[in-house]
Amino acid sequence: MRFATLFVMTIAVWLSSAAQAMEAQASDKDIETWLRLSERCRMAIEQGERLDTQGLDDLGPSIRRVAPVTIEGLAEPVIRGHEVRQHSWQQDGSSFVVVEEEYPDGRRSCAIRLAPGVPAVTAVEEAGFASAFLQKRQALVAAGTHEERNPDPIFSTNLGVGPIARSASGCRIISGLQIETNPGREPFFNSFSAEQAGCAPPR
């Protein structure tokens, strides 16, 4: 009887360990996939080239409509409403969707978002994404081509890096990682590379 109980306990421990190992492998795979996709986004925006879509399924174009920003008492909106052209891509079986955007002034961005139906990032996963981003940022800064450029601290993770040189259209560029996992806050995941507003004509 004791042997049978010990056998069952051993099997249970083994199954638990195997499940944890598979979960860790899946998480590592997601981070590796995200790193590859984020590098494609960064290179496309920084070099002013088309996104490398090799191996990605075309999910098609769409339009994102941005409402005008108004202030009570002012007749005209502070920021006019506009449309942003989007095009989405996804690697088969991936947890991420790559979304290219082009603004009316010609600025471009490339974001990596969680695919529909994918659970929100956990605090443990957040730490893995942040660690991978920091390692990549450290390498870019050490190369002398980039500098730290963090987004506003509005989420639990707010990390950024950007090239010292402006883009060909005179825009500063930022590549960032924003994640929210704090209790009581809306979960959020956004990885992006984008030309920032206020571009100056290249000299």
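First, a word on scope: everything that follows refers to the structure included in this document. None of these values were measured; they are calculated from a predicted model.

## Thoughts on the overall build of the chain
Here comes step 1: Helix and strand content of the chain: two helices and eight strands.
Here comes step 2: Counting the 203 residues in the chain, one finds 34% classified as buried.
Here comes step 3: Within the chain, counting contacts between residues at least 6 apart in sequence, those at least 24 apart form 48% of the total.
Here comes step 4: Of the roughly 12900 Å² that the chain leaves accessible, carbon and sulfur atoms contribute 56%.

## What to know about the state of the cysteines
By definition, a disulfide links the sulfur atoms of two cysteines through a covalent bond.
Here comes step 1: For the structure shown, the criterion picks out two disulfides.
Here comes step 2: What pairs with Cys-171 in a disulfide is Cys-199, and their sulfur atoms sit 1.8 Å apart. Because the sign of the S-S torsion sets the handedness, a value of about 100° for the bond joining Cys-171 and Cys-199 places this disulfide among the right-handed ones. Taken together, the positions of Cys-171 in the loop between strand S6 (157-163) and strand S7 (173-180) and Cys-199 in the segment after strand S8 (188-195) put the pair 28 residues apart, joining distant regions of the chain.
Here comes step 3: Taken N- to C-terminal, the disulfide-bonded cysteines of the chain are connected 1-2, 3-4.

## Some points on the packing of aromatic side chains
Here comes step 1: Tallied over the full model, the rule gives five aromatic pairs.
Here comes step 2: Plain terms: the ring middles of Trp-34 and Phe-129 are 5.2 Å apart, the flat faces sit at 90° to each other, and that makes the pair edge-to-face. A residue pair is termed long-range when its members are at least 10 positions apart, and Trp-34 in helix H1 (residues 2-47) and Phe-129 in helix H2 (residues 123-142) qualify at 95 residues. For the residue pair Trp-34 and Phe-129, the accessibility class agrees, reading buried in each case.
Here comes step 3: For the pair Phe-96 and Phe-189, a centre-to-centre distance of 6.0 Å together with 35° between the ring planes defines the contact as tilted. Note that Phe-96 is positioned in strand S3 (residues 96-102) and Phe-189 in strand S8, a separation of 93 residues in sequence.
Here comes step 4: The class of Phe-96 is buried, set by a relative accessible area of 1%.
Here comes step 5: An aromatic cluster is present here, built from Trp-34, Phe-96, Phe-129 and Phe-189 joined pairwise through their rings.
Here comes step 6: One residue, Arg-107, lies across the ring of Tyr-103, its end atom 4.6 Å from the ring centre.

## Considerations on the nonpolar core
Here comes step 1: Of all hydrophobic cores here, the largest spans 25 residues; its most connected members are Trp-34, Phe-96, Val-98, Ile-112, Phe-129, Leu-177 and Phe-189.
Here comes step 2: Those elements that provide at least two residues to this core are H1, S3, strand S4 (108-114), H2, S6 and S7.
Here comes step 3: Per-element accounting of this core gives the leading share, six residues, to H1.
Here comes step 4: Contact partners of Phe-96, with chain neighbours within four places excluded, come to Asp-30, Thr-33, Trp-34, Leu-37, Gln-90, Ile-112, Arg-113, Leu-114, Ala-115, Phe-129 and Phe-189.

## Looking at H2
Here comes step 1: In a regular helix each residue adds 1.5 Å, so 20 residues correspond to 28 Å; H2 covers 28 Å between its end C-alpha atoms and thus fits that length.
Here comes step 2: Within the span of H2, buried status applies to Glu-126, Phe-129, Ala-130, Ala-132, Phe-133, Arg-137 and Leu-140. Looking straight down H2, one finds its buried side chains confined to an arc of 165°; they lie on one side. Facing away from the buried side of H2 by more than 90 degrees, the exposed set consists of Val-124, Gln-135, Gln-138 and Ala-142.

Reading the values: rules and limits
Residues numbered from 1 in each chain as written. Predicted model: local features only at pLDDT ≥ 70, side-chain atom pairs only at ≥ 80, totals over all residues. Heavy atoms only, no water. Helix = DSSP H or I, 4+ residues; strand = E, 2+ residues; numbered from the N terminus. Buried < 20%, exposed > 50% of the residue type's maximum accessible area, 1.4 Å probe, protein only. Contact = heavy atoms within 4.5 Å. Areas by Shrake-Rupley, 256 points an atom, 1.4 Å probe, with all protein chains shown as cover. Disulfide = S-S within 2.5 Å. Phe/Tyr/Trp six-rings, centres within 6.5 Å; stacked < 30°, edge-to-face > 60°. Lys NZ or Arg CZ within 6 Å of the ring centre and 35° of its normal. Core = buried A, V, L, I, M, F, W, Y, C linked by side-chain atoms within 4.5 Å. Expected span 1.5 Å × (residues − 1). Arc of directions from axis to C-beta.

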